[in-house]
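Structure assessment
Here's the letter readout for the chains.
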Amino acid sequence: MTTPNPLAPSWLEVPSDANALDAAVWSANTTRDATGALLIGGVPVADLENTYGTPLYVVDEADFRARATEARASFSREFERIGSHAKVYYAGKAFLSTAVAAWVDEAGLNVDVCTEGELAVALAGGVPADRIGFHGNNKSLAEIDQAVSIGLGAIVIDSLVEIERVAEAARRHGAVQNVRLRVTTGVHASTHEYLATAREDQKFGIPLVEAAAAVARIRARPELRFLGLHSHIGSQIFGTAGFEEAARRMLELHASLLETGPVPELNLGGGFGVAYTSVDAAASLAELARGIADVVASECARLGIPVPVLAVEPGRVIAAPAGSTLYTVGTIKDVAVTVDEAAADPSGDARVAVRKYVSVDGGMSDNARTALYRADYSVRLANRASDAEAALVRIAGKHCESGDLVVLADYLPGDVEPGDLLAVPVTGAYCWSLSSNYNHVGRPPVVAVRDGHARLLVRGETISDLLARDAGIGAEATRA
Ligand SMILES: Cc1ncc(COP(=O)(O)O)c(C=O)c1O
Ligand SMILES: N[C@@H](CCCC[NH3+])C(=O)O
């Protein structure tokens, strides 16, 4: 048994088996074959590497679809139990391609988009316009015009000026547009500061105290139909307490608005957290749906109002656990690090521990979350299993930036070597969608694996693609 490395974070335990695949973080159809190599959706990772190269985003299609179906079923079951009806929107920002849009459509979900790009993909994937919602704190006039012209299911108004903008577009098109109003409840969701969206001092929505006046302005426009309020408290939130508190605050306002007109729906947004490592304890969709339903039912009873139709917008909880990323190891360095407490030892007897820096062929360009939020991930050897003693590793990328890290800390078999394949789980949300071309590295492809077959969902970018976008007219002309 390996002794714990003093450089490891306190939550990270030395694994009894550094090859084990914890079901809490690996997609449902990830296994090891008889040789110890990973199979994802029944496809050997060596085949994926040979066909598509690395880095590679791999989506376990059956797992993704099952999570989409479960989201719809859990919220429908619980909301119908309290006499409501669920409208479940998949938040496309987590990860959207035309195939993914078709999967969620087939699972009976609506789709939530926040740009004309996401809208184009959802429509190209065959999602009917009336099942799409449009968000965003700064929708362009063109985006609003397009949304109204194609009869989008709902536009979420995010600021006062948008009331006029959407109404004007509807007037031009002779339409009546369904709208929601995004309200900031002041709930301080326990998540990374950059992922909290209902605190006072941020850009989304309008404050609770200004909402009634805004709704009056919406209702005064015959081109708009007020569907109800919208709240989204943030993302990667564990537990149900934040959502329940937001529901309470929203229902108070909802009830007061019912005194002056209809309010058929309430949208409580997304933000449901997932386990990124074995120590994260994420609530199940069933628990979340039950907790929200119970609070809504009791608040509506207390306020003496009918239970509205309830909308939710899960993204990460559907997409993240179904995805993983494959990398190839390039270089490895055993870096001797002075352990902090020992360094402060007056005897001067500083202790040194080794952190193994394992560098892979991707990095912050395919997974920005570690650099952006110091997000934790885990990692496993993918091309083989090994009995070697576990070593503390840090998985670094290939970018010219010391913060270019994919996995801050985990244990891998200590014989990890250049050429090995590594797999990082739970990368199905906000990895491809946040990817970049930093250092002129092309975005990796995305493949779906299912029943032993792989199919390309999104083509990777080659250096030729990047060069083709360069508007310079070639070295000769530039230098002339
Ligand atoms: C308005 C809105 N709805 C839904 C989501 C989806 O959130 P998540 O992927 O955390 O479920 C987001 C992202 O935080 C959002 O901004
Ligand atoms: N990009 C964030 C989530 C943002 C959610 C959208 N409002 C993440 O990777 O966790």
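Looking at an unreviewed UniProt entry, one finds the protein named Diaminopimelate decarboxylase, with Frondihabitans cladoniiphilus as its source organism. The annotation that UniProt attaches to the protein under Subunit (unreviewed entry) is "Homodimer." Turning to the protein, the UniProt record has this under Pathway (unreviewed entry): "Amino-acid biosynthesis; L-lysine biosynthesis via DAP pathway; L-lysine from DL-2,6-diaminopimelate: step 1/1."

Details of the overall build of the protein
Looking only at helices and strands, one finds 14 helices and 21 strands in the protein. The C-alpha radius of gyration of the protein comes to 24 Å, within 12% of the 23 Å expected for a compact globule of 480 residues. Dimensions of the protein along its principal axes, counting C-alpha atoms only, are 70 × 65 × 50 Å. Each of the 480 residues in the protein was classed as buried or not, and the buried ones make up 54%. Considering only contacts in the protein between residues 6 or more positions apart, those separated by 24 or more positions represent 73%. Accessible surface, the protein as shown: approximately 19700 Å² in total, 52% of it carbon and sulfur. A distance of 5 Å separates the average location of the 42 positive side-chain charges in the protein from that of its 60 negative side-chain charges.

Here's the deal with the environment of V148
If you trace the backbone, V148 turns up in helix α5 (residues 141-149). The buried category is assigned to V148, whose relative accessible area is 3%. Sequence-distant contacts of V148, defined by excluding residues within four places in its chain, comprise I155, V166, A169, A170, H173, A175 and Q177.

So, the nonpolar core
With 125 residues, the main nonpolar core has F64, Y90, L181, L229, I395, L422 and L457 as its most contacted residues. For I395, the residues in contact, after removing those within four places along its chain, are V358, V360, V379, L405, V406, V407, L412 and L422. Membership of the second largest hydrophobic core comes to eleven residues, among which are V339, A390, A409 and Y411.

A word on the UniProt feature "binding site: substrate" (unreviewed entry) in the protein
In this numbering, the UniProt entry assigns the feature "binding site: substrate" (unreviewed entry) to R316, R369, Y373, E401 and Y430. A maximum C-alpha distance of 27.1 Å is found for the annotated residues, which run over 115 residues; spatially they are spread out rather than grouped. Within the secondary structure, R369 is located in helix α12 (residues 369-373). For Y373, the position within the fold is in helix α12. In this structure Y373 comes out as buried when scored by relative accessible area, which is 17%.

Focus: the pattern of salt bridges
One pass over the structure, following the stated rule, counts 32 salt bridges. Between D112 and K93 there is a salt bridge, and its shortest N-O distance comes to 3.8 Å. Here K93 lies in the loop between β5 (86-91) and α3 (98-106) and D112 lies in strand β6 (residues 110-113), a separation of 19 residues in the sequence. In this structure, K356 engages D334 in a salt bridge whose closest nitrogen and oxygen atoms are separated by 3.0 Å. Taken together, the positions of K356 in strand β15 (residues 352-360) and D334 in strand β14 (residues 323-338) put the pair 22 residues apart, joining distant regions of the chain.

Observations regarding the confidence of the model for the protein
Summary statistics for the protein give a mean pLDDT of 94 and a share of 94% for residues scoring 70 or more. Mean pLDDT per element in the protein: helix α11 (residues 340-343) is the minimum at 58, and strand β4 (residues 56-60) is the maximum at 99. Taken together, the chains of this predicted complex give a pTM of 0.96 and an interface ipTM of 0.99.

Notes on the sheet that holds strand β3 (residues 43-44)
Across the sheet, three strands lie side by side as β1-β2-β3; this open sheet has antiparallel pairing. Since the sheet does not close on itself, it has two edges, and those belong to β1 (30-32) and β3, each with one partner. Relative to strand β2 (residues 38-40), β1 is paired through three bridges, and the arrangement is antiparallel. Across the sheet, T31 pairs through a bridge with L39, a residue of β2.

Observations concerning unusual backbone geometry
Outside of glycine, negative phi angles account for most residues, and trans bonds account for most peptide bonds. Across the junction of T54 and P55, the peptide omega takes the value -5 degrees, indicating a cis bond. Along the chain, P55 falls in the loop between α1 (45-52) and β4. Here N439, not a glycine, exhibits a phi torsion of approximately 60 degrees, which is positive. Secondary-structure assignment places N439 in the loop between β19 (421-425) and β20 (446-450). Even without being glycine, H440 reaches a positive phi, approximately 55 degrees. For H440, the location among the structural elements is in the loop between β19 and β20.

Details of the side chain of E78
Relative to the helices and strands, E78 resides in helix α2 (residues 61-81). The residues touching E78, leaving out its near neighbours within four places in the chain, are A286, A289, R290 and A293.

Re the site of ligand 1
Around ligand 1, the structure places 16 residues, and the nearest of them are H232, S235, E313, R316 and Y430. In the environment of ligand 1, an oxygen atom lies 2.8 Å from a nitrogen or oxygen atom belonging to the backbone of G271. Within the complex, the protein chains bury 93% of what would otherwise be the 390 Å² of accessible surface of ligand 1. Looking at the shell around ligand 1 residue by residue, the class counts come to four nonpolar, seven polar and five charged.

Rules of the game
Residues numbered from 1 in each chain as written. Chains lettered and ligands numbered in written order. Predicted model: local features only at pLDDT ≥ 70, side-chain atom pairs only at ≥ 80, totals over all residues. Heavy atoms only, no water. UniProt positions renumbered as here; feature names shortened; annotations may be inferred. Helix = DSSP H or I, 4+ residues; strand = E, 2+ residues; numbered from the N terminus. Rg over C-alpha atoms; globule rule 2.2 N^0.38 Å. Buried < 20%, exposed > 50% of the residue type's maximum accessible area, 1.4 Å probe, protein only. Contact = heavy atoms within 4.5 Å. Areas by Shrake-Rupley, 256 points an atom, 1.4 Å probe, with all protein chains shown as cover. Lys, Arg positive; Asp, Glu negative; His and termini not counted. Charge placed at Lys NZ, Arg CZ, Asp CG, Glu CD. Core = buried A, V, L, I, M, F, W, Y, C linked by side-chain atoms within 4.5 Å. Salt bridge = Lys/Arg side-chain N within 4 Å of Asp/Glu carboxyl O. pLDDT = per-residue confidence, 0-100. Pairing = 2+ DSSP bridges. Near = heavy atom within 4 Å. Polar contact = N/O pair within 3.5 Å; in protein donor to acceptor, adjacent residues only side chain to side chain. Nonpolar A, V, L, I, M, F, W, Y, C, P; charged D, E, K, R; others polar.

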